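# Inside the fold
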Amino acid sequence: MELPDREVCYRALQSRDARFDGLLFVGVTSTGIYCRPVCPARTAKFENCRFFGSAAAAQEAGFRPCLRCRPETAPDLASWRGTSNTVSRALALITDGALDGSNASVEKLAERLGIGERQLRRLFLQHLGASPISVAQTRRVLFAKQLIHETRMSMTDVALASGFGSLRRFNEIFRDLFHRPPSTLRRKTFASVASMDAGVTLRLRYRPPYDWDSMLGYLHARAIPAVEVVENGIYRRTVEVDGFTGSVEVAHLPQRQSLGVTIRFPDVRYLPAIVTRVRRLFDLGADIETIDAHLSRDPLLAPLVAQRPGLRAPGGWDGFELAVRAILGQQVSVSAARWLAGQLVALHGKPVSAGYSGHPSLSYAFPTAERLASTESIGLGMPVARQSSLKALAEATVADPNLFRPFGTIEEVVVRLRTIRGVGEWTAQYIALRAIREMDAFPSSDIGLLRGAARMDGAPRSTSAYLLNRAESWRPWRAYAAQHLWAADATAIQTPRSAHG
């Protein structure tokens, strides 16, 4: 992983340049601490600074996280994305806990990825500057540190939530790293313990600007009754993971350049997975300045970017749920797709555990692939062929747990998805964009995109072939260009096949 040269990195550190926050970390040899470039501490001497592209690389080099700038709160820009699909897949599995627990190993992780252990280690050093084990441990330590600083959870719950196998191991690692027990990192006024049904609240940072109004408008238009509600500027939804149910609510904290996330869930061990879903849904990992600057090179697209700075490409809460929404939305409007999704939930959704819904309108979790695959009839008032597609999708998801994980090129992803009955090019591209987070996915046959492109170019109409050619210069961020075209088309949400723009 390449960083700017040391002089550039040092100037960013001296000026506390927020543009580098999340893209580099500095280890100070005289203190043994690593910091974000925006750290308020006095700037160390040039000769005492070592620069890293990830927190894991800094920690593997022997530095411990700064208690002032708190590296765990840096924007998760994931500058490695797009450089290695294997690394992307491995990191997704690590986030899901693939290296947590006594039976986990790098060898088993490599087997799941279909490569050798040595090759996986080499790829991690090349793209992240750290080993898989170091990445996993850094993730655990930084998430635990955030929970200590920002919540009232007990140390036992913090240890479980952050993936440590035992409280003893948790204490040992924190003593080795910080030379003190983890409980001493918590402010004295923050020592009381709260139950999970009352909620755990965290702040998740993003790189500004962030077009919150557009994001909330997108979610509001598609909110599934009993599963989602957008009210008073806050997004809330139900959650089901491994049979447990709960809820999450997300609010914008613009003054902190963060989202405030409150999670109500009966098992703390699932907190990292839920946080990962929030990051994906709200596209918190986007290096939006770089993306906007790239798209603005197109003189006709530039005014759209200027009109909506910080526009994100919303993700899907769950890959299967998003794919179901895409199939339900084929040839119908947003409101019709939303109504069908509500009917599906009423027929097959799981009731949310008492005390964990967080809102009176939230009562059911979206049905899982296992539930729909095992049911005799979907029971929706829609064409038989489309109901068969839902059944085929559920069966494919059960058969391949990695169906909605990054794998290969965008072209390979689309080919794999199109093997599912009823999933055509538009649906596959849309799933790739929203669920798999392929930021170069581009459903060029979408009516809303075609209309938006025609308006942008001042033409009476546009074709899919023309739009694909037109979009070549927008790579590798065609998904964000698509979002700008959808946003510019004020009537797109009323139109068939642009229901999900």
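Residues numbered from 1 in each chain as written. Predicted model: local features only at pLDDT ≥ 70, side-chain atom pairs only at ≥ 80, totals over all residues. Heavy atoms only, no water.

### Details of unusual backbone geometry
Using the following cut-off: Numbering goes from the N terminus for both helices and strands, where a helix is a DSSP run of H or I of at least four residues and a strand is a run of E of at least two.
With omega at 0 degrees, the peptide bond leading from Pro-208 into Pro-209 counts as cis. With an omega of 10 degrees, the peptide bond running from Arg-475 to Pro-476 counts as cis. For Asp-242, which is not glycine, the phi torsion reads 50 degrees and is therefore positive. Structurally, the position occupied by Asp-242 is in the loop between strand S7 (234-241) and strand S8 (244-253). Of note in the backbone geometry, Asp-283 takes a positive phi value of approximately 55 degrees without being a glycine. Its place among the elements puts Asp-283 in the loop between helix H10 (271-281) and helix H11 (288-295).

### Things to note about the side chain of Glu-72
Convention followed: Only protein chains enter the accessibility calculation, which uses a 1.4 Å probe; a residue is then buried when its area is under 20% of its type maximum, exposed when over 50%, and partly exposed in between. Polar contacts, as used here, are pairs of N or O atoms within 3.5 Å; protein pairs need one atom able to donate a hydrogen and one able to accept it. Residues neighboring in sequence count only if both atoms are side-chain atoms. By definition in these notes, contact holds between two residues if any of their heavy atoms fall within 4.5 Å.
Summarising the element assignment, Glu-72 is placed in the loop between strand S4 (64-65) and helix H3 (85-95). Take Glu-72: its relative accessible area is 8%, and that puts it in the buried class. Within the structure, Glu-72 has its side chain in polar contact with the side chain of Arg-70 (distance 2.7 Å). A polar contact is formed between the side chain of Glu-72 and the side chain of Lys-145, at a distance of 3.1 Å. Contact partners of Glu-72, with chain neighbours within four places excluded, come to Leu-142, Lys-145, Gln-146 and His-149.

### Quick notes on the sheet that holds strand S5 (residues 200-205)
What counts here: Pairing between strands is defined by DSSP: at least two bridges between them are needed. A fitted line through C-alpha atoms represents every axis, and for helices the fit uses only the stretch in contact; the resulting angles, taken between N-to-C directions, go from 0 to 180 degrees.
Taken together, 5 strands build an open sheet; the order of strands is S5-S9-S8-S7-S6 and the sheet is antiparallel. Since the sheet does not close on itself, it has two edges, and those belong to S5 and strand S6 (228-231), each with one partner. Adjacent strand axes in the sheet meet at a mean angle of 25 degrees when their direction is disregarded. Sheet topology note: the S6/S7 ladder contains 4 bridges and is antiparallel.

### Remarks on the environment of Arg-280
Residue placement: Arg-280 occurs in helix H10. Taking relative accessible area as the criterion, Arg-280 reaches 25% and is therefore assigned partly exposed. The spacing of Arg-280 and Ala-435 is 155 residues in sequence and 8.5 Å in space, taken between C-alpha atoms. If we skip the residues at most four places from it in the chain, Arg-280 touches Gly-315, Gly-316, Trp-317, Asp-318, Ala-435 and Arg-437. Among the polar contacts listed, one links the side chain of Arg-280 to the backbone oxygen of Gly-316, at a separation of 3.0 Å.

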